[in-house]
Amino acid sequence: GESVGLHLPTLSVQEGDNSIINCAYSNSASDYFIWYKQESGKGPQFIIDIRSNMDKRQGQRVTVLLNKTVKHLSLQIAATQPGDSAVYFCAEKTGGGNKLTFGTGTQLKVEL
Amino acid sequence: EPEVTQTPSHQVTQMGQEVILRCVPISNHLYFYWYRQILGQKVEFLVSFYNNEISEKSEIFDDQFSVERPDGSNFTLKIRSTKLEDSAMYFCASRDPTAETQYFGPGTRLLVL
């Protein structure tokens, strides 16, 4: 049958390898960025965030890098585990506005 | 750890019927949001709510939609006359006034027949 909706880019990694998920954001005035993990049938789960006055922030096994020059955001996951398999979304917030604008998402598949 | 909760988890309704989706935000949060996600698509912003009024809304959030905080704990989204294209996952989110992070609930899957 005909498929509808977005075709998600997919990243396949071996268990234990590092993963890098990339995101291009749209608005150069965005001042806050956030990564969410979404497992099938569940809501977005907060992973890590970063403000525009920083270019790197580290959490537990995760690092977010921000390159404002090229409007690029990346999420690095160290020692990827099967439980990391999910869709990962980046989102941006612009100025005083409340809303988050989400990216397309990347499907991460961890192979044993 | 405090969580945003949503009820029901699934709702099936007939086109033209009214639905109310319910959310209990995290208790000390003061900013509340609704987003939706059509199957296989991006998460889209609908509306934000603070101090008992709408602070921002998207073009999706037309006159058929309304939000309310009827008491100190619940936050609701009402769709007055549902359309087929309203079928989606609806997510509630909330935010602490001192931070930027929005925390999402598990969603309500709405199917309009």
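Predicted, not measured: the structure shown is a model, and the values here were computed from it.

Considerations on the overall build of chain A
Helix and strand counts for chain A come out as zero helices and ten strands. When the helices and strands of chain A are read in sequence order from the N terminus, they spell out β-β-β-β-β-β-β-β-β-β. A compact globule built from 112 residues would reach a C-alpha radius of gyration of about 13 Å, and chain A, at 14 Å, matches this within 12%. Dimensions along the principal axes, computed over C-alpha positions, put chain A at roughly 40 × 35 × 25 Å. The buried share of chain A, reckoned over its 112 residues, is 40%. Of the contacts formed within chain A by residues at least 6 apart in sequence, a portion of 55% connects residues at least 24 apart. Across chain A, the 11 positively charged side chains and the 10 negatively charged ones have centroids separated by 8 Å.

Quick look at the confidence of the model for chain A
Residues at a pLDDT of 70 or more form 91% of chain A, whose mean pLDDT is 90. No element of chain A has a lower mean pLDDT than strand β8 (residues 86–94) of chain A, which averages 93, and none a higher one than strand β5 (residues 56–58) of chain A, which averages 98.

Comments concerning the sheet that holds strand β7 (residues 65–68) of chain B
All names here are of chain B. Read from one edge of the open sheet, four strands run β1-β3-β8-β7, paired in antiparallel fashion. Of all strands in the sheet, those with a lone pairing partner are β1 (5–7) and β7, marking the two edges. Averaged over all neighbouring strand pairs, the angle between strand axes comes to 20 degrees, with direction disregarded. In this sheet, strand β8 (residues 75–79) lies alongside strand β3 (residues 19–24) in antiparallel orientation, the contact comprising five bridges. Considered in β8, the bridge of L21 is made with L77.

Quick look at the nonpolar core
Judged by nonpolar contacts, the single largest core of 22 residues is most densely connected at W34, L46, F61, V67, F75, L77 and Y90 of chain B. Among all residues touching V67 of chain B, those that are not within four sequence positions of it are W34, V47, F49, I54, F61, F75, T76 and L77 of chain B.

A few points about the side chain of R95 of chain B
You can see R95 of chain B is positioned in strand β9 (residues 88–95). Buried charged residue R95 of chain B carries no salt bridge. Nearest counter-charge: E100 of chain B, at 4.6 Å. A polar contact of 3.1 Å, which involves the side chain of R95 of chain B, links it to the side chain of N98 of chain A. Only 2.7 Å separates the side chain of R95 of chain B from the backbone oxygen of A99 of chain B, close enough to count as a polar contact.

With respect to the pattern of salt bridges
Side-chain pairs of opposite charge can arise whenever the charged atoms involved come near each other. Tallied over the full model, the rule gives eight salt bridges over all chains. E100 of chain B is the salt-bridge partner of R51 of chain A, the closest N and O atoms lying 2.4 Å from each other. With one member in each of two chains, R51 of chain A in strand β4 (residues 45–51) and E100 of chain B in the loop between β9 and β10 (102–104) form a pair that bridges those chains. Assessed through its relative accessible area of 31%, R51 of chain A is described here as partly exposed. The salt bridge involving D84 of chain A is made with R61 of chain A; its shortest N-O contact spans 2.9 Å. Highlighted residues: D84 of chain A in the loop between β7 (72–77) and β8 and R61 of chain A in the loop between β5 and β6 (62–67), separated in sequence by 23 residues. Of the residues examined, D84 of chain A reaches a relative accessible area of 7% and is grouped as buried.

Parameters and conventions
Residues numbered from 1 in each chain as written. Chains lettered and ligands numbered in written order. Predicted model: local features only at pLDDT ≥ 70, side-chain atom pairs only at ≥ 80, totals over all residues. Heavy atoms only, no water. Helix = DSSP H or I, 4+ residues; strand = E, 2+ residues; numbered from the N terminus. Rg over C-alpha atoms; globule rule 2.2 N^0.38 Å. Buried < 20%, exposed > 50% of the residue type's maximum accessible area, 1.4 Å probe, protein only. Contact = heavy atoms within 4.5 Å. Lys, Arg positive; Asp, Glu negative; His and termini not counted. Charge placed at Lys NZ, Arg CZ, Asp CG, Glu CD. pLDDT = per-residue confidence, 0-100. Pairing = 2+ DSSP bridges. Axes fitted to C-alpha atoms, helices over the stretch in contact; angles between N-to-C directions. Core = buried A, V, L, I, M, F, W, Y, C linked by side-chain atoms within 4.5 Å. Salt bridge = Lys/Arg side-chain N within 4 Å of Asp/Glu carboxyl O. Polar contact = N/O pair within 3.5 Å; in protein donor to acceptor, adjacent residues only side chain to side chain.

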